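Coordinate analysis (summary)
So the chains spell out like this:
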Amino acid sequence: MIGIIDYGMGNLFSVSKALERLNVPYFISDKSEKLMNANGLILPGVGSFRDAMLRLNESGLSELIKRFAETNKPLLGICLGMQLLFEESEENGFTRGLGLLSGQVVRFSGKSNDGINYKVPHMGWNKLTYKRSSSILNKISESHVYFVHSYYVKTDDKDILIASSDYHIEVPAVVGNQNILGMQFHPEKSSKLGMQLFKNFVDLVEERMKLS
Amino acid sequence: MLTKRIIPCLDVKEGRVVKGIQFLELRDAGDPVELAKFYDEQGADELVFLDISASHEGRKTMVDVIMAVASELAIPFTVGGGINTLEDMKRLLRAGADKVSLNTAAVSNPDLITEGASFFGSQCIVVAIDAKYDAEMGSWRVYTHGGRNPTNWKVVDWAMEAVNLGAGEILLTSMDRDGEKEGFDEELTRAVSEAVSVPVIASGGAGNVEHFQSIFEVGKADAALAASIFHYKETSVEEVKSFLRKVGVEVR
């Protein structure tokens with residue numbers, strides 16, 4: 001069973017509808033004990049990093065997510081949910097994140113290296129470029145996904161970069177290591193490709209269940 | 001790089017799509033969900049639903065429409081029309097809309113933009129501007145109430161103000177071009193697009209595939225919205241996109 005973490009800042013509806021379309025059983029919860037028993041967790045998120053961390057810390061869900069990550073069961077952060085997996089963000093002043101992946105969340109400058117002004121947020125469909133192989137990319141070609149964000153992840157850890165998109169800089173789009181995964185774009189809004197990404201995540205969850 | 005977006009717009013009244021939709025192959029051409037799926041399959045990048053219900057009951061029905069569309073559709077969609085309060089926004093976004101579009105209410109109560117943006121994030125708040133050239137003003141004037149009421153705002157000034165207040169996107173409709181099918185207003189769109197830091201959706205005047213090329217290349221639009229040429233099948237989203245690809249405009 002897949003658990004969707006409800007901390008009051010998620011696009012819960014569209015994420016849960018995506019799982020329904022795939023006929024995947026799921027539950028939505030804000031209870032640590034219940035979420036801990038899930039075979040895989042999804043951390044959605046829309047809004048500000050600071051508010052989100054505040055809610056996660058106050059509700060004890062930060063601890064739950066960290067404990068869950070240690071179990072080797074798959075965890076998927078989406079959009080803000082992906083950013084929360086990193087060490088810190090400069091959004092509204094410095095805020096510490098969950099620290100499961102190494103890197104910082106910083107704002108798009110709005111000016112490219114060659115001096116061209118560009119629009120922030122990065123909003124719309126952009127193409128994925130694969131950086132390394134990963135089962136999360138099974139059965140999909142390098143195509144477009146839907147982004148909406150003003151902040152992006154800056155990381156020196158090249159091993160976690162699975163796919164990126166070009167928006168005046170290289171934007172980490174899919175990140176992850178063994179069991180912790182993040183998508184900066186919205187797979188639940190990325191048409192067929194997005195649905196395949198969910199399916200791949202679900203497959204990964206099922207595979208880990210068999211191993212354990 | 002980021003692709004240019006093609007956005008069909010559907011007028012919804014009392015829960016049904018209206019305004020001359022000609023989709024003979026659909027069982028029910030007035031069903032918002034079927035039409036949304038049709039456009040999704042054609043490669044639409046996003047959809048806009050404009051609620052033109054006259055009654056309170058009709059607006060309540062819109063929430064059901066949004067929920068049904070959100071269950072079936074895996075592309076982003078915006079809902080506009082008759083949104084006056086933060087509660088209205090909450091209702092529609094919770095029902096599954098990705099963005100809400102404010103028009104008249106944004107002009108009469110600009111705080112609403114800021115309230116919405118701080119509650120849901122700027123990315124959810126679209127400010128729709130109806131623009132008409134005004135010789136006396138020497139510029140484009142902002143109109144409200146479905147284009148009936150002139151305001152004292154110049155379009156570029158209002159767009160900049162709306163972005164300062166928290167708008168994450170501008171949906172810019174040229175009243176001069178709307179329904180004429182002679183092309184988008186490139187001059188207007190470019191003036192707004194160059195003045196603001198957020199994406200601009202051009203609307204009004206689409207008549208053929210070339211018009212899309214020029215609104216992106218000359219008008220500097222980030223997205224282009226059209227209704228009747230898609231509804232009447234004068235062209236399709238697929239055709240527009242394959243033409244744009246051929247002339248070197250990047251699309252999905």
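Where an unreviewed UniProt entry is consulted, chain B appears under the name Imidazole glycerol phosphate synthase subunit HisF, with the organism given as Pseudoneobacillus rhizosphaerae. According to the UniProt record, the Subcellular location (unreviewed entry) comment for chain B is "Cytoplasm". Per its UniProt entry, chain B bears the Sequence similarities (unreviewed entry) comment "Belongs to the HisA/HisF family."

The name an unreviewed UniProt entry assigns to chain A is Imidazole glycerol phosphate synthase subunit HisH, from the organism Pseudoneobacillus rhizosphaerae. For the record of chain A, the UniProt heading Pathway (unreviewed entry) holds the text "Amino-acid biosynthesis; L-histidine biosynthesis; L-histidine from 5-phospho-alpha-D-ribose 1-diphosphate: step 5/9." Of the comments in the UniProt record for chain A, the one headed Function (unreviewed entry) reads "IGPS catalyzes the conversion of PRFAR and glutamine to IGP, AICAR and glutamate. The HisH subunit catalyzes the hydrolysis of glutamine to glutamate and ammonia as part of the synthesis of IGP and AICAR. The resulting ammonia molecule is channeled to the active site of HisF."

Glancing now at the overall build of chain B. Scanning chain B for helices and strands turns up 10 helices and 11 strands. In terms of principal-axis extent, the alpha carbons of chain B reach across some 50 × 45 × 35 Å. Counting across all 252 residues of chain B, residues that qualify as buried make up 59%. Long-range pairs, those at least 24 residues apart, make up 64% of the contacts in chain B with a sequence separation of at least 6. Surface exposure of chain B reaches about 10100 Å², of which carbon and sulfur atoms provide 47%. One finds the centroid of the 26 positive side-chain charges in chain B at a distance of 1 Å from the centroid of its 40 negative side-chain charges.

Okay, the interface of chain B and chain A next. Listed by partner, the interface residues are 35 residues for chain B and 22 residues for chain A. In total, about 2400 Å² of surface goes out of reach between chain B and chain A, with carbon and sulfur atoms giving 57% of it. It is M1, L2 and A74 of chain B that lose the most area in chain B upon contact with chain A, and together they represent 28% of the buried surface on that side. Linking chain B with chain A are 2 salt bridges, by the criterion used here. Residue D98 of chain B pairs with K189 of chain A through a salt bridge whose shortest N-O separation is 3.0 Å. For the pair chain B and chain A, the number of links is 12 residue pairs in polar contact (both at pLDDT 80 or more). No other element matches the 4 residues that helix α2 (residues 56-72) of chain B contributes to the side of chain B that touches chain A.

We now examine the UniProt feature "active site" (unreviewed entry) in chain B. Residues and elements named next belong to chain B. In the numbering adopted here, UniProt assigns the feature "active site" (unreviewed entry) to D11 and D130. Here the residues from the annotation list that line the second largest pocket are D11 and D130. Of note, D11 is situated in strand β1 (residues 5-13). A relative accessible area of 11% means that D11 is categorised as buried. Of the residues examined, D130 reaches a relative accessible area of 12% and is grouped as buried. Of note is the side chain of D130, whose polar atom sits 3.3 Å from the side chain of N103.

Residues and elements named next belong to chain B. Across all of its chains, the model carries 20 salt bridges over all chains by this definition. Note that R141 and D134 form a salt bridge whose closest N and O atoms lie 2.6 Å from each other. Residue classification places R141 among the buried residues on the basis of a relative accessible area of 14%. A relative accessible area of 14% means that D134 is categorised as buried. Among the charged side chains, a network of salt bridges with common partners joins R5, E46, K99 and E169.

Listed under "domain: Glutamine amidotransferase" (unreviewed entry) in the UniProt record, and renumbered for this structure, are residues 4-202 of chain A. Between the first and last C-alpha atoms of residues 4-202 of chain A the distance is 13 Å; the span itself is 26% helix and 29% strand.

The subject of this paragraph is the packing of helix α1 (residues 12-21) of chain A against α2 of chain B. Where α1 of chain A meets α2 of chain B, the axes come as close as 8 Å, and the angle between the chain directions of the two elements is 50°. Comparing their axes, α2 of chain B and α1 of chain A come out oblique. Mapping the contact onto sequence places F13, K17 and R21 of chain A in α1 of chain A and M67, A70, S71 and E72 of chain B in α2 of chain B. A per-class count over the contact of α1 of chain A with α2 of chain B returns 3 nonpolar, 1 polar and 3 charged.

Rules and cut-offs
Residues numbered from 1 in each chain as written. Chains lettered and ligands numbered in written order. Predicted model: local features only at pLDDT ≥ 70, side-chain atom pairs only at ≥ 80, totals over all residues. Heavy atoms only, no water. UniProt positions renumbered as here; feature names shortened; annotations may be inferred. Helix = DSSP H or I, 4+ residues; strand = E, 2+ residues; numbered from the N terminus. Buried < 20%, exposed > 50% of the residue type's maximum accessible area, 1.4 Å probe, protein only. Contact = heavy atoms within 4.5 Å. Areas by Shrake-Rupley, 256 points an atom, 1.4 Å probe, with all protein chains shown as cover. Lys, Arg positive; Asp, Glu negative; His and termini not counted. Charge placed at Lys NZ, Arg CZ, Asp CG, Glu CD. Buried area = accessible area lost by both parts, 1.4 Å probe. Salt bridge = Lys/Arg side-chain N within 4 Å of Asp/Glu carboxyl O. Polar contact = N/O pair within 3.5 Å; in protein donor to acceptor, adjacent residues only side chain to side chain. 1 Å grid on protein atoms, 1.4 Å probe; cavity = no way out; pocket = protein on both sides within 12 Å on 5 of 7 lines; lining within 4 Å. Axes fitted to C-alpha atoms, helices over the stretch in contact; angles between N-to-C directions. Parallel < 35°, antiparallel > 145°, perpendicular 65-115°, else oblique. Nonpolar A, V, L, I, M, F, W, Y, C, P; charged D, E, K, R; others polar.

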